[in-house]
Amino acid sequence: MAGFQKFEPWRHVPGKVLLFLINVVAATALVFEGFNQGVFGTVSSTPGFIEMAKIGHDGIVTDTTKQGGLAAAYYFGGIWGCFIGGWVGDKLGRKRGVLIGTLFGIIGAALMAASQNSNMFIVARVIAGLGIGFINAIIPPWVSELSQAHDRGSSFSLVFVANYLGIVIAYWINFGVRGYQSDFRWRFPLAWMVIPLLIVDATVPFLPESPRWLIANQKREDAIEILCKVRGDLLATDPKILAEVEQLDAIIEASHHKRNNLVNIVLGGRYSGSLHLGRRAVMGFALQLIQQWTGILAIVGWATTLFALAGFDSYKSAWLGGLVNTIGIPGTAAAALVVDKIGRIKSLIISFITQGIALFIVAALIKTSQDASSVNTDQAARLGTGAAAFVFVYIWFFTMFNIIPSWIYGTEIWPQEIRAKGYSFTIFGWAVGSGVTQFVIPILLQRLGWATFVFFGALNIVAMPIIYFFYPEVAKRSLEEINLLFTSDSLFVKANMREYHHRIDAAGGSVPVAARKLLAEVDGYSASSPGDVSYVEKRGDLEEHN
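Described below are features of the structure shown in this document. Position labels on residues start from 1 in each chain and follow its written sequence. Only residues with pLDDT of at least 70 get local features here, since the model is predicted, and only at 80 or more are side-chain atom pairs given and counted; chain-wide, interface and lining totals rely on the full set of residues. Computation of side-chain values covers all heavy atoms of the structure but excludes hydrogens and water.

## Here we look at the packing of aromatic side chains
Phase 1: Each aromatic pair joins two rings of Phe, Tyr and Trp (for Trp, the six-membered one) with centres within 6.5 Å, and gets the label stacked for planes under 30 degrees apart, edge-to-face for over 60, and tilted for any other angle. Per the stated rule, a full pass over the model turns up 27 aromatic pairs.
Phase 2: With centroids separated by 5.4 Å and ring planes inclined at 85 degrees, the aromatic side chains of Phe49 and Trp186 adopt a geometry described as edge-to-face. Within this pair, whereas Phe49 is found in helix H3 (residues 47-53), its partner Trp186 is found in helix H8 (residues 184-192), the two being separated by 137 residues in sequence. Across the pair, Trp186 and Phe49 agree in class, each one buried.
Phase 3: One aromatic cluster is present, built from ring pairs that chain together Tyr74, Tyr75, Trp407, Tyr423 and Trp430.
Phase 4: In this arrangement the basic side chain of Lys258 is found over the ring face of Tyr271, its NZ or CZ atom lying 4.3 Å from the centre.
Phase 5: Each ring is checked for a lysine NZ or an arginine CZ that lies within 6 Å of its centre and within 35 degrees of its normal; such an atom marks a charge sitting over the ring. Here the basic side chain of Arg477 rests over the ring of Tyr500, its NZ or CZ set 5.1 Å away from the ring centre. Numbering of helices and strands runs from the N terminus; a helix is a DSSP stretch of H or I covering at least four residues, while a strand is a stretch of E covering at least two. Accessible area is worked out with a 1.4 Å probe on protein chains only. A residue is then buried under 20% of its type maximum, exposed over 50%, and partly exposed in between.

## Quick notes on helix H11 (residues 220-230)
Phase 1: Three or more residues of H11 are buried, namely Ala223, Ile226, Leu227, Cys228, Lys229 and Val230.
Phase 2: As for H11, its buried residues are in contact with helix H2 (15-43), helix H6 (118-146), helix H10 (211-216) and helix H12 (239-254).
Phase 3: Remark: Gly232 follows H11 within two positions and exhibits a positive phi of approximately 110 degrees. The criterion used for residue contact is that any of the two residues' heavy atoms lie within 4.5 Å.

## Some details on unusual backbone geometry
Working note: non-glycine residues mostly have negative phi, and peptide bonds are mostly trans.
Phase 1: Look at Asp58: it is not a glycine, yet its phi comes out positive at around 55 degrees.
Phase 2: Of note, Asp58 is situated in the loop between strand E1 (56-57) and strand E2 (60-61).
Phase 3: Given a relative accessible area of 74%, Asp58 falls into the exposed group.
Phase 4: The phi dihedral of Gln218 is positive, around 55 degrees, even though this residue is not glycine.
Phase 5: With respect to the helices and strands, Gln218 occurs in the loop between H10 and H11.
Phase 6: Given the relative accessible area of 69%, Gln218 is considered exposed.

## Some details on the side chain of Ser424
Phase 1: With respect to the helices and strands, the residue Ser424 is situated in helix H22 (residues 419-447).
Phase 2: In this structure Ser424 comes out as buried when scored by relative accessible area, which is 5%.
Phase 3: Beyond its immediate sequence surroundings of up to four residues, Ser424 is in contact with Cys82 and Phe83.

Printed below as a string of C-alpha coordinates:
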(Lines give C-alpha, C1' and ligand atoms only; values in the text may rest on other atoms or scores of the structure.)
Protein backbone atom coordinates (compact mmCIF):
# COMPACT_ATOMS: atom_id res chain seq x y z
CA MET A 1 0.00 0.00 0.00
CA ALA A 2 2.81 2.38 0.94
CA GLY A 3 4.54 1.63 -2.34
CA PHE A 4 1.36 2.46 -4.25
CA GLN A 5 1.01 5.80 -2.50
CA LYS A 6 4.54 6.76 -3.54
CA PHE A 7 3.49 6.21 -7.16
CA GLU A 8 1.31 9.29 -7.23
CA PRO A 9 2.69 11.65 -9.89
CA TRP A 10 0.76 14.65 -8.58
CA ARG A 11 3.11 14.76 -5.58
CA HIS A 12 5.99 15.60 -7.93
CA VAL A 13 4.22 18.23 -10.03
CA PRO A 14 4.35 21.96 -9.13
CA GLY A 15 1.10 23.05 -7.48
CA LYS A 16 0.01 25.54 -10.13
CA VAL A 17 0.77 23.07 -12.90
CA LEU A 18 -1.21 20.38 -11.06
CA LEU A 19 -4.24 22.66 -10.80
CA PHE A 20 -3.99 23.34 -14.52
CA LEU A 21 -3.82 19.60 -15.28
CA ILE A 22 -6.90 18.97 -13.14
CA ASN A 23 -8.80 21.55 -15.17
CA VAL A 24 -7.59 19.93 -18.41
CA VAL A 25 -8.89 16.52 -17.30
CA ALA A 26 -12.21 18.08 -16.25
CA ALA A 27 -12.44 19.81 -19.62
CA THR A 28 -11.69 16.55 -21.45
CA ALA A 29 -14.62 14.89 -19.68
CA LEU A 30 -16.92 17.70 -20.80
CA VAL A 31 -15.85 17.16 -24.42
CA PHE A 32 -17.98 14.01 -24.16
CA GLU A 33 -21.04 16.06 -23.21
CA GLY A 34 -20.54 18.58 -26.00
CA PHE A 35 -19.96 15.83 -28.54
CA ASN A 36 -23.22 14.13 -27.52
CA GLN A 37 -25.15 17.36 -28.02
CA GLY A 38 -23.64 18.03 -31.42
CA VAL A 39 -23.52 14.60 -32.99
CA PHE A 40 -27.12 13.36 -33.01
CA GLY A 41 -28.82 15.89 -35.30
CA THR A 42 -26.60 15.01 -38.26
CA VAL A 43 -26.22 11.30 -37.47
CA SER A 44 -29.97 10.78 -37.19
CA SER A 45 -30.45 12.19 -40.70
CA THR A 46 -28.12 9.73 -42.42
CA PRO A 47 -29.71 7.00 -44.57
CA GLY A 48 -28.15 4.15 -42.59
CA PHE A 49 -29.37 5.45 -39.25
CA ILE A 50 -32.83 6.20 -40.61
CA GLU A 51 -33.11 2.60 -41.78
CA MET A 52 -31.75 1.15 -38.52
CA ALA A 53 -34.05 3.21 -36.30
CA LYS A 54 -37.06 2.93 -38.64
CA ILE A 55 -37.72 6.70 -38.53
CA GLY A 56 -38.21 7.10 -42.29
CA HIS A 57 -37.40 5.63 -45.69
CA ASP A 58 -35.29 6.40 -48.76
CA GLY A 59 -32.95 8.53 -46.61
CA ILE A 60 -35.75 10.88 -45.52
CA VAL A 61 -36.92 11.23 -41.90
CA THR A 62 -40.70 10.95 -41.74
CA ASP A 63 -41.21 10.13 -38.05
CA THR A 64 -39.81 13.21 -36.32
CA THR A 65 -41.58 12.32 -33.08
CA LYS A 66 -39.58 9.10 -32.81
CA GLN A 67 -36.44 10.94 -33.91
CA GLY A 68 -36.95 13.44 -31.08
CA GLY A 69 -37.60 10.62 -28.63
CA LEU A 70 -34.28 8.99 -29.52
CA ALA A 71 -32.53 12.31 -28.87
CA ALA A 72 -34.33 12.88 -25.56
CA ALA A 73 -33.53 9.41 -24.13
CA TYR A 74 -29.99 10.59 -23.39
CA TYR A 75 -31.29 13.32 -21.10
CA PHE A 76 -33.65 10.92 -19.34
CA GLY A 77 -30.54 9.07 -18.22
CA GLY A 78 -28.99 12.38 -17.23
CA ILE A 79 -31.93 13.18 -14.94
CA TRP A 80 -31.18 10.09 -12.85
CA GLY A 81 -27.43 10.33 -13.21
CA CYS A 82 -27.18 13.83 -11.75
CA PHE A 83 -28.61 12.76 -8.39
CA ILE A 84 -27.19 9.23 -8.26
CA GLY A 85 -23.79 10.55 -9.35
CA GLY A 86 -23.72 13.19 -6.63
CA TRP A 87 -24.57 10.56 -4.01
CA VAL A 88 -21.89 8.17 -5.30
CA GLY A 89 -19.33 10.99 -5.35
CA ASP A 90 -20.05 11.72 -1.70
CA LYS A 91 -19.96 8.05 -0.67
CA LEU A 92 -17.03 6.70 -2.68
CA GLY A 93 -15.06 9.84 -3.49
CA ARG A 94 -14.85 12.15 -6.48
CA LYS A 95 -12.30 10.04 -8.36
CA ARG A 96 -14.21 6.77 -8.06
CA GLY A 97 -17.45 8.56 -8.94
CA VAL A 98 -15.92 9.99 -12.11
CA LEU A 99 -14.58 6.57 -13.13
CA ILE A 100 -18.02 5.01 -12.66
CA GLY A 101 -19.54 7.79 -14.75
CA THR A 102 -17.03 7.31 -17.55
CA LEU A 103 -17.75 3.56 -17.48
CA PHE A 104 -21.45 4.28 -18.10
CA GLY A 105 -20.48 6.70 -20.87
CA ILE A 106 -18.16 4.23 -22.60
CA ILE A 107 -20.71 1.42 -22.44
CA GLY A 108 -23.45 3.73 -23.72
CA ALA A 109 -21.34 5.04 -26.59
CA ALA A 110 -20.28 1.53 -27.61
CA LEU A 111 -23.87 0.30 -27.59
CA MET A 112 -25.04 3.31 -29.61
CA ALA A 113 -22.42 2.65 -32.25
CA ALA A 114 -23.37 -1.04 -32.34
CA SER A 115 -27.15 -0.55 -32.27
CA GLN A 116 -29.23 -2.87 -34.41
CA ASN A 117 -32.61 -1.26 -33.79
CA SER A 118 -34.21 1.74 -32.10
CA ASN A 119 -34.86 -0.12 -28.84
CA MET A 120 -31.19 -0.92 -28.42
CA PHE A 121 -30.31 2.67 -29.30
CA ILE A 122 -32.69 4.06 -26.67
CA VAL A 123 -31.17 1.85 -23.97
CA ALA A 124 -27.69 2.93 -25.06
CA ARG A 125 -28.69 6.61 -24.94
CA VAL A 126 -30.05 6.23 -21.40
CA ILE A 127 -26.84 4.52 -20.24
CA ALA A 128 -24.71 7.26 -21.81
CA GLY A 129 -26.99 9.82 -20.15
CA LEU A 130 -26.36 8.22 -16.76
CA GLY A 131 -22.67 8.66 -17.43
CA ILE A 132 -22.90 12.36 -18.24
CA GLY A 133 -25.15 12.84 -15.21
CA PHE A 134 -22.34 11.44 -13.04
CA ILE A 135 -19.72 13.54 -14.79
CA ASN A 136 -21.70 16.78 -14.56
CA ALA A 137 -22.60 16.17 -10.91
CA ILE A 138 -19.08 15.34 -9.75
CA ILE A 139 -16.45 17.05 -11.88
CA PRO A 140 -17.43 20.75 -11.52
CA PRO A 141 -17.75 20.52 -7.70
CA TRP A 142 -14.48 18.55 -7.56
CA VAL A 143 -12.68 21.23 -9.55
CA SER A 144 -14.33 23.89 -7.38
CA GLU A 145 -13.14 22.16 -4.20
CA LEU A 146 -9.57 22.20 -5.51
CA SER A 147 -9.68 25.74 -6.94
CA GLN A 148 -9.73 29.09 -5.21
CA ALA A 149 -12.93 31.13 -5.07
CA HIS A 150 -11.66 34.14 -7.03
CA ASP A 151 -10.84 31.95 -10.04
CA ARG A 152 -14.28 30.40 -10.47
CA GLY A 153 -15.65 32.63 -13.26
CA SER A 154 -12.67 32.32 -15.58
CA SER A 155 -12.22 28.63 -14.69
CA PHE A 156 -15.81 27.88 -15.70
CA SER A 157 -15.26 29.72 -18.98
CA LEU A 158 -12.20 27.69 -19.87
CA VAL A 159 -13.82 24.39 -18.89
CA PHE A 160 -16.89 25.14 -21.01
CA VAL A 161 -14.65 25.89 -23.97
CA ALA A 162 -14.10 22.13 -23.92
CA ASN A 163 -17.84 21.54 -23.94
CA TYR A 164 -18.12 23.57 -27.12
CA LEU A 165 -15.03 21.91 -28.51
CA GLY A 166 -16.92 18.61 -28.25
CA ILE A 167 -19.78 20.07 -30.30
CA VAL A 168 -17.34 21.29 -32.94
CA ILE A 169 -15.54 17.94 -33.14
CA ALA A 170 -18.88 16.21 -33.66
CA TYR A 171 -19.80 18.48 -36.57
CA TRP A 172 -16.45 18.19 -38.33
CA ILE A 173 -16.34 14.42 -37.91
CA ASN A 174 -19.82 14.21 -39.41
CA PHE A 175 -18.66 16.49 -42.21
CA GLY A 176 -15.59 14.34 -42.82
CA VAL A 177 -17.52 11.08 -43.17
CA ARG A 178 -20.41 12.52 -45.20
CA GLY A 179 -19.18 10.77 -48.37
CA TYR A 180 -19.51 7.28 -46.96
CA GLN A 181 -22.64 5.40 -47.95
CA SER A 182 -22.17 2.53 -45.48
CA ASP A 183 -23.12 2.35 -41.80
CA PHE A 184 -19.64 3.72 -41.03
CA ARG A 185 -21.09 7.17 -41.71
CA TRP A 186 -23.17 7.08 -38.53
CA ARG A 187 -21.50 4.39 -36.41
CA PHE A 188 -18.03 5.96 -36.40
CA PRO A 189 -19.10 9.38 -35.01
CA LEU A 190 -20.99 7.65 -32.19
CA ALA A 191 -18.05 5.38 -31.41
CA TRP A 192 -15.60 8.30 -31.37
CA MET A 193 -17.08 9.72 -28.18
CA VAL A 194 -15.38 7.03 -26.07
CA ILE A 195 -11.99 8.66 -26.76
CA PRO A 196 -12.24 11.58 -24.28
CA LEU A 197 -13.61 9.20 -21.65
CA LEU A 198 -10.71 6.80 -22.11
CA ILE A 199 -8.32 9.74 -21.65
CA VAL A 200 -10.12 10.66 -18.43
CA ASP A 201 -9.96 7.05 -17.21
CA ALA A 202 -6.22 6.97 -17.89
CA THR A 203 -5.50 10.19 -15.98
CA VAL A 204 -7.97 10.44 -13.08
CA PRO A 205 -6.26 7.74 -10.94
CA PHE A 206 -3.12 9.89 -10.86
CA LEU A 207 -4.87 13.08 -9.71
CA PRO A 208 -5.49 14.11 -6.09
CA GLU A 209 -8.80 13.46 -4.37
CA SER A 210 -11.01 16.29 -3.11
CA PRO A 211 -9.64 17.66 0.21
CA ARG A 212 -13.19 18.18 1.44
CA TRP A 213 -14.10 14.53 0.82
CA LEU A 214 -10.89 13.36 2.52
CA ILE A 215 -11.54 15.39 5.66
CA ALA A 216 -15.13 14.18 5.76
CA ASN A 217 -13.80 10.60 5.61
CA GLN A 218 -11.14 10.94 8.34
CA LYS A 219 -8.17 11.37 6.00
CA ARG A 220 -7.08 14.73 7.29
CA GLU A 221 -3.34 14.46 6.62
CA ASP A 222 -3.92 13.58 2.96
CA ALA A 223 -6.30 16.51 2.59
CA ILE A 224 -3.81 18.99 4.06
CA GLU A 225 -1.04 17.66 1.83
CA ILE A 226 -3.21 18.15 -1.27
CA LEU A 227 -4.22 21.66 -0.21
CA CYS A 228 -0.59 22.61 0.33
CA LYS A 229 0.24 21.34 -3.14
CA VAL A 230 -2.57 22.99 -5.17
CA ARG A 231 -2.24 26.30 -3.31
CA GLY A 232 1.29 26.70 -4.61
CA ASP A 233 3.40 24.22 -2.62
CA LEU A 234 2.77 25.94 0.71
CA LEU A 235 3.68 24.62 4.14
CA ALA A 236 1.02 23.03 6.33
CA THR A 237 1.64 25.81 8.87
CA ASP A 238 0.91 28.58 6.38
CA PRO A 239 -1.94 30.80 7.68
CA LYS A 240 -3.79 30.39 4.39
CA ILE A 241 -3.77 26.58 4.72
CA LEU A 242 -4.76 26.70 8.39
CA ALA A 243 -7.68 29.00 7.57
CA GLU A 244 -8.86 26.81 4.70
CA VAL A 245 -8.69 23.63 6.78
CA GLU A 246 -10.66 25.36 9.53
CA GLN A 247 -13.22 26.39 6.93
CA LEU A 248 -13.49 22.83 5.61
CA ASP A 249 -14.05 21.53 9.14
CA ALA A 250 -16.89 24.00 9.64
CA ILE A 251 -18.41 23.24 6.22
CA ILE A 252 -18.41 19.50 6.85
CA GLU A 253 -19.95 19.99 10.28
CA ALA A 254 -22.67 22.24 8.87
CA SER A 255 -23.42 19.80 6.04
CA HIS A 256 -25.01 17.40 8.55
CA HIS A 257 -27.74 19.90 9.46
CA LYS A 258 -31.19 18.55 8.61
CA ARG A 259 -31.99 21.56 6.41
CA ASN A 260 -29.21 20.39 4.08
CA ASN A 261 -30.81 17.00 3.54
CA LEU A 262 -31.68 16.52 -0.14
CA VAL A 263 -35.21 15.37 0.65
CA ASN A 264 -35.87 18.46 2.75
CA ILE A 265 -34.64 20.72 -0.04
CA VAL A 266 -36.92 18.96 -2.53
CA LEU A 267 -39.83 19.43 -0.13
CA GLY A 268 -39.61 23.20 -0.44
CA GLY A 269 -36.56 23.80 1.74
CA ARG A 270 -37.89 22.45 5.01
CA TYR A 271 -36.07 23.72 8.12
CA SER A 272 -34.19 26.34 6.08
CA GLY A 273 -36.33 29.29 7.20
CA SER A 274 -35.09 32.59 5.80
CA LEU A 275 -32.32 30.83 3.90
CA HIS A 276 -35.03 29.65 1.46
CA LEU A 277 -33.06 26.69 0.12
CA GLY A 278 -36.12 25.35 -1.70
CA ARG A 279 -36.41 28.61 -3.65
CA ARG A 280 -32.75 28.41 -4.64
CA ALA A 281 -33.27 24.85 -5.92
CA VAL A 282 -36.11 26.09 -8.13
CA MET A 283 -34.00 29.03 -9.33
CA GLY A 284 -31.06 26.83 -10.35
CA PHE A 285 -33.41 24.38 -12.07
CA ALA A 286 -35.39 27.12 -13.83
CA LEU A 287 -32.34 29.01 -15.11
CA GLN A 288 -31.08 25.92 -16.91
CA LEU A 289 -34.57 25.20 -18.20
CA ILE A 290 -34.70 28.73 -19.60
CA GLN A 291 -31.30 28.39 -21.25
CA GLN A 292 -32.25 25.21 -23.08
CA TRP A 293 -35.35 26.94 -24.51
CA THR A 294 -33.46 29.91 -25.97
CA GLY A 295 -32.98 28.08 -29.27
CA ILE A 296 -29.37 27.06 -28.70
CA LEU A 297 -30.07 23.34 -29.12
CA ALA A 298 -31.76 23.99 -32.46
CA ILE A 299 -28.48 25.48 -33.66
CA VAL A 300 -26.04 23.20 -31.82
CA GLY A 301 -27.79 19.97 -32.70
CA TRP A 302 -29.65 20.81 -35.89
CA ALA A 303 -27.55 23.49 -37.62
CA THR A 304 -27.41 21.48 -40.83
CA THR A 305 -31.21 21.45 -41.03
CA LEU A 306 -31.33 25.17 -40.25
CA PHE A 307 -29.01 26.04 -43.13
CA ALA A 308 -30.95 23.73 -45.45
CA LEU A 309 -34.06 25.77 -44.60
CA ALA A 310 -32.10 28.87 -45.62
CA GLY A 311 -31.59 27.38 -49.07
CA PHE A 312 -28.08 25.91 -48.87
CA ASP A 313 -27.29 22.53 -50.40
CA SER A 314 -26.29 19.57 -48.24
CA TYR A 315 -22.54 20.20 -48.63
CA LYS A 316 -22.71 23.88 -47.66
CA SER A 317 -25.21 23.15 -44.87
CA ALA A 318 -22.84 20.63 -43.31
CA TRP A 319 -19.85 22.95 -43.74
CA LEU A 320 -21.66 25.95 -42.25
CA GLY A 321 -22.95 23.81 -39.38
CA GLY A 322 -19.38 23.00 -38.40
CA LEU A 323 -18.18 26.57 -38.88
CA VAL A 324 -20.93 28.26 -36.84
CA ASN A 325 -20.31 25.98 -33.90
CA THR A 326 -16.56 26.52 -34.21
CA ILE A 327 -17.24 30.20 -33.54
CA GLY A 328 -18.58 29.09 -30.16
CA ILE A 329 -15.07 28.20 -28.95
CA PRO A 330 -13.60 31.75 -29.00
CA GLY A 331 -17.01 33.03 -27.89
CA THR A 332 -16.94 30.88 -24.77
CA ALA A 333 -13.32 31.83 -24.10
CA ALA A 334 -14.29 35.51 -24.41
CA ALA A 335 -16.85 34.99 -21.63
CA ALA A 336 -13.93 35.05 -19.18
CA LEU A 337 -13.52 38.75 -20.03
CA VAL A 338 -17.07 39.74 -19.08
CA VAL A 339 -18.65 37.19 -16.73
CA ASP A 340 -16.99 38.64 -13.61
CA LYS A 341 -16.64 42.22 -14.84
CA ILE A 342 -20.27 43.04 -15.72
CA GLY A 343 -21.92 40.34 -13.63
CA ARG A 344 -24.17 37.36 -14.27
CA ILE A 345 -27.51 39.15 -14.60
CA LYS A 346 -26.41 41.90 -17.00
CA SER A 347 -24.67 39.27 -19.12
CA LEU A 348 -27.85 37.21 -19.33
CA ILE A 349 -30.04 40.19 -20.20
CA ILE A 350 -27.62 41.25 -22.97
CA SER A 351 -27.72 37.73 -24.36
CA PHE A 352 -31.50 37.39 -24.30
CA ILE A 353 -31.97 40.72 -26.11
CA THR A 354 -29.44 40.00 -28.85
CA GLN A 355 -30.44 36.33 -29.22
CA GLY A 356 -34.12 37.19 -29.53
CA ILE A 357 -33.47 39.85 -32.18
CA ALA A 358 -31.07 37.57 -34.08
CA LEU A 359 -33.57 34.70 -34.18
CA PHE A 360 -36.38 36.99 -35.38
CA ILE A 361 -34.13 38.20 -38.20
CA VAL A 362 -33.08 34.62 -39.04
CA ALA A 363 -36.73 33.60 -39.30
CA ALA A 364 -37.65 36.61 -41.46
CA LEU A 365 -34.73 36.08 -43.85
CA ILE A 366 -35.40 32.34 -44.20
CA LYS A 367 -39.07 33.03 -44.95
CA THR A 368 -38.33 35.71 -47.56
CA SER A 369 -35.58 33.54 -49.07
CA GLN A 370 -38.02 30.66 -49.48
CA ASP A 371 -40.61 32.97 -51.02
CA ALA A 372 -38.06 34.40 -53.45
CA SER A 373 -36.56 31.04 -54.46
CA SER A 374 -39.15 30.43 -57.18
CA VAL A 375 -38.88 33.98 -58.58
CA ASN A 376 -35.32 35.26 -58.12
CA THR A 377 -32.74 32.66 -57.15
CA ASP A 378 -29.95 35.24 -56.72
CA GLN A 379 -32.03 37.26 -54.29
CA ALA A 380 -33.01 34.06 -52.45
CA ALA A 381 -29.32 33.14 -52.10
CA ARG A 382 -28.48 36.58 -50.71
CA LEU A 383 -31.32 36.37 -48.20
CA GLY A 384 -30.21 32.87 -47.18
CA THR A 385 -26.67 34.17 -46.67
CA GLY A 386 -28.06 36.94 -44.46
CA ALA A 387 -29.92 34.39 -42.37
CA ALA A 388 -26.71 32.40 -41.97
CA ALA A 389 -24.84 35.54 -40.84
CA PHE A 390 -27.30 36.17 -38.02
CA VAL A 391 -26.96 32.56 -36.86
CA PHE A 392 -23.28 33.40 -36.31
CA VAL A 393 -24.30 36.53 -34.38
CA TYR A 394 -26.59 34.43 -32.20
CA ILE A 395 -23.88 31.89 -31.39
CA TRP A 396 -21.35 34.57 -30.47
CA PHE A 397 -23.63 36.34 -28.02
CA PHE A 398 -24.89 33.08 -26.54
CA THR A 399 -21.41 31.75 -25.85
CA MET A 400 -19.99 35.05 -24.62
CA PHE A 401 -22.89 36.19 -22.44
CA ASN A 402 -25.19 33.26 -21.65
CA ILE A 403 -23.62 29.85 -21.30
CA ILE A 404 -21.27 30.60 -18.38
CA PRO A 405 -23.63 32.75 -16.24
CA SER A 406 -26.40 30.16 -16.59
CA TRP A 407 -24.15 27.41 -15.25
CA ILE A 408 -22.09 29.25 -12.66
CA TYR A 409 -25.11 30.95 -11.08
CA GLY A 410 -26.45 27.55 -10.09
CA THR A 411 -23.35 26.93 -7.95
CA GLU A 412 -22.90 30.40 -6.48
CA ILE A 413 -26.35 30.72 -4.88
CA TRP A 414 -25.71 27.84 -2.46
CA PRO A 415 -23.96 27.83 0.92
CA GLN A 416 -20.63 26.11 0.46
CA GLU A 417 -21.51 23.14 2.67
CA ILE A 418 -24.34 22.18 0.31
CA ARG A 419 -23.02 23.45 -3.00
CA ALA A 420 -22.57 20.01 -4.57
CA LYS A 421 -26.12 18.95 -3.65
CA GLY A 422 -27.54 22.26 -4.79
CA TYR A 423 -25.70 21.98 -8.09
CA SER A 424 -27.63 18.76 -8.75
CA PHE A 425 -30.77 20.84 -9.27
CA THR A 426 -28.98 22.88 -11.94
CA ILE A 427 -28.01 19.67 -13.74
CA PHE A 428 -31.56 18.40 -13.28
CA GLY A 429 -32.85 21.54 -15.02
CA TRP A 430 -30.34 21.04 -17.84
CA ALA A 431 -31.41 17.41 -18.32
CA VAL A 432 -35.14 18.16 -18.30
CA GLY A 433 -34.81 21.27 -20.48
CA SER A 434 -32.49 19.61 -22.98
CA GLY A 435 -34.53 16.41 -23.11
CA VAL A 436 -37.85 18.11 -23.79
CA THR A 437 -36.30 20.60 -26.22
CA GLN A 438 -34.44 17.92 -28.16
CA PHE A 439 -37.67 15.96 -28.39
CA VAL A 440 -39.67 18.81 -29.92
CA ILE A 441 -37.02 20.46 -32.14
CA PRO A 442 -37.21 17.99 -35.06
CA ILE A 443 -41.01 18.16 -34.86
CA LEU A 444 -40.97 21.97 -34.89
CA LEU A 445 -38.50 22.13 -37.78
CA GLN A 446 -40.63 19.78 -39.87
CA ARG A 447 -43.99 21.38 -39.11
CA LEU A 448 -43.14 25.05 -38.56
CA GLY A 449 -39.94 25.44 -40.55
CA TRP A 450 -38.76 29.07 -40.38
CA ALA A 451 -41.38 29.88 -37.72
CA THR A 452 -39.44 27.65 -35.28
CA PHE A 453 -37.01 30.53 -34.84
CA VAL A 454 -39.80 33.01 -34.18
CA PHE A 455 -40.91 30.70 -31.38
CA PHE A 456 -37.44 30.51 -29.81
CA GLY A 457 -36.87 34.23 -30.33
CA ALA A 458 -40.08 34.98 -28.41
CA LEU A 459 -38.92 32.76 -25.53
CA ASN A 460 -35.73 34.84 -25.25
CA ILE A 461 -37.85 37.97 -24.83
CA VAL A 462 -40.01 36.24 -22.21
CA ALA A 463 -36.88 35.19 -20.29
CA MET A 464 -35.62 38.75 -19.80
CA PRO A 465 -38.12 39.97 -17.18
CA ILE A 466 -37.92 36.64 -15.34
CA ILE A 467 -34.16 37.09 -14.87
CA TYR A 468 -34.43 40.79 -14.08
CA PHE A 469 -37.17 40.54 -11.46
CA PHE A 470 -36.36 37.23 -9.74
CA TYR A 471 -32.58 36.67 -9.93
CA PRO A 472 -30.32 38.82 -7.71
CA GLU A 473 -26.76 39.52 -8.83
CA VAL A 474 -24.20 37.28 -7.12
CA ALA A 475 -20.99 38.28 -8.90
CA LYS A 476 -18.31 39.76 -6.61
CA ARG A 477 -20.35 38.79 -3.55
CA SER A 478 -18.62 37.05 -0.68
CA LEU A 479 -19.85 33.65 0.46
CA GLU A 480 -21.36 35.35 3.50
CA GLU A 481 -23.38 37.79 1.42
CA ILE A 482 -24.99 35.10 -0.75
CA ASN A 483 -27.22 33.84 2.07
CA LEU A 484 -28.35 37.41 2.78
CA LEU A 485 -29.62 37.85 -0.80
CA PHE A 486 -32.53 35.40 -0.39
CA THR A 487 -33.96 36.27 3.03
CA SER A 488 -37.24 37.93 2.04
CA ASP A 489 -40.39 35.84 1.76
CA SER A 490 -41.02 37.66 -1.52
CA LEU A 491 -39.63 36.20 -4.74
CA PHE A 492 -38.76 39.61 -6.19
CA VAL A 493 -35.17 40.88 -6.26
CA LYS A 494 -36.22 44.32 -5.08
CA ALA A 495 -37.80 42.97 -1.88
CA ASN A 496 -34.83 40.69 -1.21
CA MET A 497 -32.35 43.55 -1.66
CA ARG A 498 -34.41 45.68 0.70
CA GLU A 499 -34.25 42.91 3.30
CA TYR A 500 -30.52 42.49 2.57
CA HIS A 501 -29.80 46.14 3.37
CA HIS A 502 -32.06 46.02 6.42
CA ARG A 503 -30.10 43.11 7.88
CA ILE A 504 -26.74 44.75 7.11
CA ASP A 505 -27.86 47.99 8.77
CA ALA A 506 -29.15 46.09 11.81
CA ALA A 507 -25.72 44.47 12.12
CA GLY A 508 -23.96 47.84 12.17
CA GLY A 509 -22.82 47.53 8.58
CA SER A 510 -20.99 44.24 9.17
CA VAL A 511 -21.68 41.48 6.66
CA PRO A 512 -20.15 38.71 8.86
CA VAL A 513 -22.30 39.75 11.83
CA ALA A 514 -25.45 39.91 9.68
CA ALA A 515 -24.68 36.47 8.22
CA ARG A 516 -24.05 35.01 11.68
CA LYS A 517 -27.31 36.43 12.98
CA LEU A 518 -29.18 34.97 10.00
CA LEU A 519 -27.84 31.48 10.70
CA ALA A 520 -28.57 31.90 14.39
CA GLU A 521 -32.14 32.87 13.49
CA VAL A 522 -32.54 29.83 11.26
CA ASP A 523 -30.93 27.46 13.74
CA GLY A 524 -33.03 28.82 16.56
CA TYR A 525 -30.27 29.92 18.86
CA SER A 526 -28.73 33.25 19.86
CA ALA A 527 -25.53 34.37 18.21
CA SER A 528 -24.95 37.19 20.67
CA SER A 529 -22.29 35.35 22.63
CA PRO A 530 -18.84 36.73 21.81
CA GLY A 531 -17.43 33.23 22.13
CA ASP A 532 -19.67 31.83 19.40
CA VAL A 533 -17.73 31.42 16.19
CA SER A 534 -19.80 30.15 13.30
CA TYR A 535 -18.56 28.70 10.07
CA VAL A 536 -19.57 31.99 8.42
CA GLU A 537 -16.80 33.76 10.34
CA LYS A 538 -14.36 31.03 9.41
CA ARG A 539 -15.22 31.46 5.75
CA GLY A 540 -14.70 35.19 6.15
CA ASP A 541 -11.25 34.58 7.58
CA LEU A 542 -10.40 32.46 4.56
CA GLU A 543 -11.58 35.12 2.12
CA GLU A 544 -9.31 37.65 3.82
CA HIS A 545 -6.36 35.34 3.18
CA ASN A 546 -7.44 34.84 -0.43
